[in-house]
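Architecture and fold: a report
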Amino acid sequence: MENMINLTIDNRPVSVPKGTTVLDAAASVGIDIPALCHIDLKGTCVKNAPAACRVCVVEVEGRRNLAPSCATMVTEGMVVRTNSARVARARKTVAELILSDHPNDCLTCPKCNHCELQKLVTRFNIREMTYKGEQSNRKKEQTVAITRNMDKCILCRRCESVCNNVQTVGVLGAIRRGFDATIAPTFDKMFSESDCTYCGQCVAVCPTGALTERDYTDRLLDDICNPDKIVVAQPAPAVRVALGEEFGYEPGTIVTGKLAASLRALGFDYVFDTDFGADLTIMEEGAEILHRLKAFLGGDKSVKLPIMTSCCPAWVNFYEHNYPDLLDYPSSAKSPGQMFGAIAKSYWAQKMGIPREKLVVVSIMPCLAKKFECERDEFKVDGNPDVDYSISTRELARLIKRSNIDFRQLKDEDFDKPLGESSGAAAIFGATGGVMEAALRTVYEVYTGKTLPKIEFQEVRGLEGIKEATIDLAGFPLKVCVAHTLGNARYLMDKLRKGELDYHVVEVMACPGGCIDGAGQPYHHGDVEIIKARAAAIYREDEGKPIRKSHENPDIQKLYKEFLGEPMSERAHHLLHTHYFDKSTK
Amino acid sequence: MKITSADALEGIRRQAVNALSVREESNLQTADVSCGLEKGTPHMQILCCGGTGCKASESAKIVENFRSSLKEHGIADKVDVIVPGCFGFCEKGPIVKIVPDNTFYTSVHPEDVEEIVTSHIIGGVKVNRLLYKDPGSGEHISDSKHMNFYRKQMRIALRNCGFIDPENILEYIARDGYKALADSLARPSLDVLADIKASGLRGRGGAGFPTGLKWEIARKFDAPDKYVVCNADEGDPGAFMDRSIMEGDPNSVIEAMMICGYCINANHGLIYIRAEYPLAVHRLQVAIAQAREYGLLGKNILGTDFNFDIEIRYGAGAFVCGEETALIHSMEGKRGEPTLKPPFPAEAGYFGKPTNVNNVETLANVPVILTKGPQWFASIGTEKSKGTKVFALAGKINNVGLIEVPMGTTLREIIYDIGGGVKNGKKFKAVQTGGPSGGCLTEKHLDTPIDYENLAAAGSMMGSGGMIVMDEDDCMVSVAKFFLEFTVDESCGKCTPCRIGNRRMLEILTRITEGRGTMEDLDKLENLAKVIKDTALCGLGQTSPNPVLSTLANFRDEYEEHVRDHVCRAHKCKSLLTYSIDPVLCKGCSACARGCPAEAIVGEVRKPFVINPEKCIRCGMCISRCKFGAINVI
């Protein structure tokens, strides 16, 4: 083939397409060159290859110095050695240098056993600290969602690249120079003083323990063990397709039954499901879509279109910081988790006769921004939050292990009723395009009064950054758009600001791939196949559900009948809708 | 007034050349000629160096004094005061040159002005005490070409420095300025490019990449917007040739950038200069404004369809921003740190557009290559290194300053003939070439003809042309440490080897100079140096171990002495010194004890005093207090 490049790596002939890196070329023939700063979630825009750490260096014949394989492109006739003595010595020395400016407190590090530096140290057979010297004394910070310990930072710049290139949030960047260089918000401010959206993608890609989630497991254990508290669990859709990875299951294994069983085993008094909240979200948001659409079709020029989804708390933070002039566009519907909390602490608590202050609602989320969302004042009643706090999938896994529960031995169990019943539409919330698809299933049927001929909307699925589709709503072409990553969201919002965004409904998720690659999920360590497997599992979960449309969830129907009345009723508005704030710093 | 054709330019040149002719002729005069208004000389010129070095020694005040004195004497209309750029002989600055008798006054002070005016300008009698005194013969030398400092020099890049008024474009035009541009625009650009290639000119900024080839590559990438960037981010400690060229001959840089633009089909020029060069910035601003005024920058230059304009971009003075990718990022408003090449700037440079980056000295050579022909240039120098190189002589050398010599000149000629040898008759020990990225060369390298290849083979590099001479009093471990301190300070922090590795090397060197080093440290040092050289991302990191490697190679015994014997033979490493009082020489006057800030010296008056080594901070105060030479330092 014309565009194929032939080269030799470790005496083996390799043929790869032009534009391939030496690292990928080697991987194609089973040569696994160690790398550290490099990450490439192929098919998404998450990529970092600054050639900064110099761990992946290789010898290239005819070249004076060693070449970083992650950023060196193959050339015809290239002769590469990945394991010569020169390379091995250089690579080990570089790793030893990184260690020489690292706290090396692995035993108590939150990243222990998941740390990419730790893996390299084992792999390079480093048995002593060869180079001792001054260590960096950098910032430490605990925000509501993210914990920073920059002493553990190895300046791989992955966080900087996702924060700037992928999310365009622009909070993280290198400041100062040389040995004093560090990654921080502008002027070395704290995260909490910056425009950070808490999307946590920096945490998702951090190879070491420099950026981790804030841990709430001790607080949860205390609450569970407190006889005066009724503790309620609500795990998000994306958790059940990823949690298994922490217990040795193949990525994409659905562990919904074991998830419910483990939560019960942990001591939660009621094991409900955020999926219930997702169905409720579709009822409210769907009604809002129809409301705006009807106004628009009725000639109302003031109606704000496109309506944008508002489930993703990082996305909410993003537009509050950056688009205060466009706060009327996003749906006023709360996120599924917050809707769940509001219903649990009103409808259900009243039903059960549990006083609000005794009830602790804990969400288990693939997300770190949820930790921030829980703390929002508008989601509290007299200071008591609708959702008390949120733990990540990783925190749950740690807690299960700590509580002597053999996850693999657990028998599948069901969620409790009534807040544990959900449809397949709710299940797919966890993947990019899922909220849109779920909404379309309901909007179509409510608007047209007909049953959907085909329930799946393939055109809004998949990892493409921005997806578009036109849906035939009984002759009305409904134009929808699905974006994931905040960078893609910014692209759309900038167009909206210029009046150039020609859609009726837009879904935005901050994380690449949606919640399945949320910052609270088990670490993917740069393997995009894991994310794809989770997405496939989400859609399998949907297919396996007897009910696949939110408006057909019997417990949702009952909730409206008994308590809320109609979607967008006064009570629904009070409990299930919110408003947004101008948080711009300019 | 716009110059709209090559002919118009030639017309201007002819007019301008008359004004300069008196200065041109003056250059030929020797000591026996002495002019003065009372001797019948109708018109005189006073050239007072306006380079940054001389300005720091009050040359601006000297200029002011000349102007007011001439006015007081009523002769301001007969005598011009001109402020050219650097003459190069900074050791003897401020320099004042008198035209037309070619008198070269050195170390002039503002208070000398009146005497020069009354005695020389008016009376025609030279002020002997201000003439350069040859250290060998002890005789006064009146003209620069008879000074050893200038005798072996060949000024191509510096051709106009110290001669023309850099703030007057007409003086540049008079010296064939913009002729190369006019000639080039009349030829196919490929022919011009071929001339640059044929000249053998190589980059003067460090790596010595062939300039013509660089232009040829940049030409190949087609885009509507392409950029010519002048790298004026001179950062080597002690190097100031680029600054001097911009201060003394800014138009040569502008002309060369335009020629480059013509050759590579670029219409935008950017000069990246550190803001800490205010004078150079000012001179460039003046030159750009004048070039625009004359239509030499802008649209339809010299009546052709070639358009070109130049903007200045300021750097904050980071050494790493001399690396072209870091420089471009800095210009884009990003963090000044390098990225991996390829892609080279020629393909994707300033905001992703094809960009050609050349250093100031490289560019300064371009116009003269084209006016005198590539063969002329190629005839100078060695086989692979053509033309001349400007060096900044510094350190323990008699004639500190800026010199330009043909490639192939030996270190010995530079240090002994031009530089006047080592200061205070001390023994030569080493010379660091190439700044912090270079290496230390020793006695055995003195007869090596200097060019890119030979310096690299000797374990150093050309770099931008810094040359720091060291004598027997210099400790080579400390020298390596000094340069490493610089690179540690200037590392951007992007890649591990440079960020952490250099820091660790510096820590080891510090340990060694403080007597805490081990023989194992030497092995670690060597391993780190080699790995950093092999793995660092950019030129800064890759070359940063050079001072360590070259001193280890040439002075390993000194390192070992520090480690094994705790001895610094140059007495530079304070921690390794032991102060003691010779009981025979000591008169017991107590001056040392009274002066000791650490109260480390005790004794009874009129009896020998003693130093308590535990308390001694090795400040040397006792040495300066003792009148009897009784303090020993080992």
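Shown above is the structure to which this text applies.
These figures come from a predicted structure and were not determined experimentally.

**Some thoughts on the interface of chain B and chain A**
Counting residues at the interface gives 26 residues for chain B, matched by 27 residues for chain A. Of all the secondary-structure elements, those providing two or more residues to the side of chain B that touches chain A are α18 (476-490), α19 (496-513) and α20 (519-535) of chain B. Ranked by residues supplied to the side of chain B that touches chain A, first place goes to α19(B) with eight residues. Looking at the side of chain B that touches chain A residue by residue, the classes come out as nine nonpolar, seven polar and ten charged.

**Some details on the pairing of strand β9 (residues 146-149) of chain A**
All names here are of chain A. Two strands pair when backbone bridges link them, and strand β8 (residues 140-142) and β9 are joined in this way by three bridges, in the antiparallel orientation. Considered in β9, the bridge of Glu141 is made with Arg148. The sheet contact formed by β9 and strand β12 (residues 211-213) spans three bridges and is antiparallel. Within β12, the residue paired with Arg148 across the bridge is Leu211.

**Points about the environment of B:Ala256**
Residues and elements named next belong to chain B. Mapped onto the secondary structure, Ala256 falls in helix α11 (residues 250-264). Sequence-wise, Ala256 and Ile82 are 174 residues apart; in three dimensions their C-alpha atoms are separated by 25 Å. If we ignore the near neighbours within four places in the chain, the residues touching Ala256 are Leu363, Ala364, Val366 and Pro367.

**A look at the sheet that holds strand β15 (residues 466-471) of chain B**
All names here are of chain B. Strands sit in the order β12-β11-β15-β13-β14 across an open sheet of five strands; the sheet is mixed. A single partner strand is all that each edge strand has here, and the edge strands are β12 (401-406) and β14 (439-442). Here the average twist between neighbouring strands, direction ignored, is 30 degrees. Direction of pairing for strand β13 (residues 428-433) relative to β15: antiparallel, over a ladder of five bridges. The partner of Ala430 across the bridge, within β15, is Met470.

**Focus on the sheet that holds strand β4 (residues 103-105) of chain B**
Residues and elements named next belong to chain B. Pairing in this open sheet of four strands is mixed, and the strands run β2-β1-β3-β4 from one edge to the other. This sheet does not close on itself; its edge strands, each paired only once, are β2 (79-82) and β4. The average angle at which neighbouring strand axes cross in this sheet is 15 degrees, direction not considered. Examined bridge by bridge, strand β1 (residues 44-48) and β2 share four bridges and lie parallel to one another. Bridged to Gln45 within β2 is Asp80.

**Some remarks on unusual backbone geometry**
Between B:Gly93 and the following residue, B:Pro94, the backbone shows a cis peptide bond with an omega angle of -10 degrees. With respect to the element layout, B:Pro94 can be found in the loop between β2 and β3 (96-99). B:Pro342 connects to B:Pro343 through a cis peptide bond whose omega is 5 degrees. Look at A:Tyr198: it is not a glycine, yet its phi comes out positive at around 60 degrees. Counting through the fold element by element, A:Tyr198 comes out in the loop between β11 (182-184) and α5 (201-205). With 28 C-beta atoms packed within 10 Å, A:Tyr198 lands in the buried category. Positive phi, normally seen in glycine, also occurs at A:Ala474, with a value near 50 degrees. With respect to the element layout, A:Ala474 can be found in the loop between β20 (466-473) and β21 (476-484).

Cut-offs applied
Residues numbered from 1 in each chain as written. Chains lettered and ligands numbered in written order. Predicted model: local features only at pLDDT ≥ 70, side-chain atom pairs only at ≥ 80, totals over all residues. Contact = placed C-beta atoms within 7 Å. Helix = DSSP H or I, 4+ residues; strand = E, 2+ residues; numbered from the N terminus. Nonpolar A, V, L, I, M, F, W, Y, C, P; charged D, E, K, R; others polar. Pairing = 2+ DSSP bridges. Axes fitted to C-alpha atoms, helices over the stretch in contact; angles between N-to-C directions. Buried ≥ 20, exposed ≤ 12 C-beta atoms within 10 Å, placed from the backbone.

No statement about biological role is implied by the geometric values presented.
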